Amino acid sequence: MIYRPQYFDLEELACPHIYKKFGVICWQFFDEKLLITIDWLRKSLNKPIFVNSWQIGGSYSQRGFRCIQCPLVKSAYTQGRVYVSPHMTGQAVDFDVRGMTATEVRLWLGKNEDRLLFPIRVEKSVSWVHLDTRDNFEGRKITYFNP
């Protein structure tokens, strides 16, 4: 049985290319640890979390699962750059939390690290929150990184 988050719709987590091609089958592309973690975070913060907005006419479409048609991935490929991202393996989301800055969310995560169900990686020094469940190989619950 594939985990389906309580607080997030598939359209919010998948890029439009993948969603339009595969529909609900897209759930299988996501790391269950990521889905459980973002649900836990949404419930724990008791505040809305915003990932993609393309499905409601917004400009965000690459903050969840990214495919090879997404501009970030396509651009890296056409420029001959190596691009390997947990967004392409269903292990990452970029998001904002209503009423909190990205720094406040990162601080909250640090203070609540012991409550995390799975280890996560969190990007530092960006104006949004990047959270992923890619293995950090460090044995800690949170690994902070700069790209």
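See the structure printed just above.
This report concerns the structure included in the present document. Owing to the predicted nature of the structure, the values given are computational and were not obtained by experimental measurement.

**Examining the pattern of salt bridges**
One pass over the structure, following the stated rule, counts 3 salt bridges. Where Arg 66 meets Asp 94, a salt bridge forms, and the shortest distance between an N and an O atom there is 3.4 Å. Here the residue Arg 66 occupies a position in the loop between strand S1 (49-50) and helix H4 (71-78), and Asp 94 occupies one in strand S2 (residues 92-97), the gap between them amounting to 28 residues. Judged by relative accessible area, Arg 66 falls into the buried class, the value being 8%. Across the salt bridge formed by Arg 121 and Asp 132, the nearest N and O atoms sit 2.8 Å from each other. With Arg 121 in strand S3 (residues 120-123) and Asp 132 in strand S4 (residues 129-132), the pair connects residues that are 11 residues apart, well separated along the chain.

**As for the sheet that holds strand S5 (residues 142-145)**
Taken in spatial order, the 5 strands make up an open sheet running S1-S2-S4-S3-S5, and their pairing is mixed. At either margin of the open sheet sits one strand with a lone partner, and together these are S1 and S5. Two elements, S2 and S4, share 4 bridges in a ladder whose sense is antiparallel. The partner of Asp 94 across the bridge, within S4, is His 130. Strand contacts of helix H3 (residues 32-45): S1, S2, S3 and S4, with the helix running at about 10° to S2, the strand carrying the most contacts.

**Some remarks on the packing of aromatic side chains**
A full pass over the atoms with the stated rule returns 6 aromatic pairs. Following the ring pairs from residue to residue traces out a cluster consisting of Phe 22, Trp 27, Phe 29, Phe 30 and Phe 65. Above the ring of Phe 22, the side-chain terminus of Lys 21 is found at 5.5 Å from the ring centroid. When the ring centre of Tyr 60 is taken as origin, the NZ or CZ atom of Arg 63, which lies over that ring, is 4.1 Å away.

**Concerning unusual backbone geometry**
Residue Asn 46 is not a glycine yet carries a positive backbone phi of 55°. Mapped onto the fold, Asn 46 is located in the loop between H3 and S1. A relative accessible area of 62% places Asn 46 in the exposed class. For Ser 125, which is not glycine, the phi dihedral falls at a positive 60°. The residue Ser 125 is located in the loop between S3 and S4 in this model.

**Concerning the environment of Ala 14**
One can find Ala 14 in the loop between helix H1 (10-13) and helix H2 (16-22). Accessibility expressed as a relative area gives 0% for Ala 14, which makes it buried. In sequence terms Ala 14 and Phe 65 are 51 residues apart; their C-alpha atoms lie 4.7 Å from each other. Leave out the neighbours within four places in its chain, and Ala 14 touches Tyr 19, Phe 30, Asn 52, Trp 54 and Phe 65.

**Considerations on the nonpolar core**
Ranked by size, the top nonpolar core spans 35 residues in total, and within it Leu 13, Phe 30, Leu 41, Phe 95 and Leu 109 carry the most contacts. Counting residues per element, the ones that place at least two in this core are H1, H3, S2, helix H5 (102-111), S3 and S4. Sorting elements by how many residues they give to this core places H3 first, with 6 residues.

**Structural notes on the pairing of S4**
Residues Val 129 and Leu 131 line one face of S4 and the alternating positions His 130 and Asp 132 line the opposite face, and both faces are buried. Relative to S4, S3 runs antiparallel, the two sharing 2 bridges. Bridging from a neighbouring strand, Arg 121 pairs with Asp 132 of S4. In this antiparallel pair of consecutive strands, S3 and S4, the connection spans 5 residues, and Ser 125 shows a positive phi of 60°.

Scoring rules and cut-offs
- Sequence order sets the numbering: in each chain, residues are counted from 1 along the sequence as written.
- Given that the model is predicted, a residue must reach a pLDDT of at least 70 before its local features are reported, and side-chain atom pairs must reach 80 or more before they are shown or counted; all residues, however, enter totals for whole chains, interfaces and linings.
- Side-chain metrics in this entry use all non-hydrogen atoms of the structure; hydrogen atoms and water are not considered.
- Salt bridges are identified by distance alone: a Lys or Arg side-chain nitrogen within 4 Å of an Asp or Glu carboxyl oxygen.
- Numbering of helices and strands runs from the N terminus; a helix is a DSSP stretch of H or I covering at least four residues, while a strand is a stretch of E covering at least two.
- Only protein chains enter the accessibility calculation, which uses a 1.4 Å probe; a residue is then buried when its area is under 20% of its type maximum, exposed when over 50%, and partly exposed in between.
- The pairing criterion for strands is at least two bridges between them, as found by DSSP.
- Whether two residues are in contact is decided by their heavy atoms: any pair within 4.5 Å suffices.
- Angular values range over 0 to 180 degrees, each being the angle between N-to-C directions of two axes fitted as lines to C-alpha atoms, with helices fitted over their stretch in contact.
- Only Phe, Tyr and Trp rings take part, Trp by its six-membered ring, and two of them pair if their centres are within 6.5 Å. Stacked means planes under 30 degrees apart, edge-to-face means over 60, and tilted covers everything else.
- Charge-over-ring contacts are defined here by two conditions on Lys NZ or Arg CZ: a distance within 6 Å of the ring centre and an angle within 35 degrees of the ring normal.
- Note on terminology: a nonpolar core comprises buried Ala, Val, Leu, Ile, Met, Phe, Trp, Tyr and Cys residues joined through side-chain atoms within 4.5 Å.

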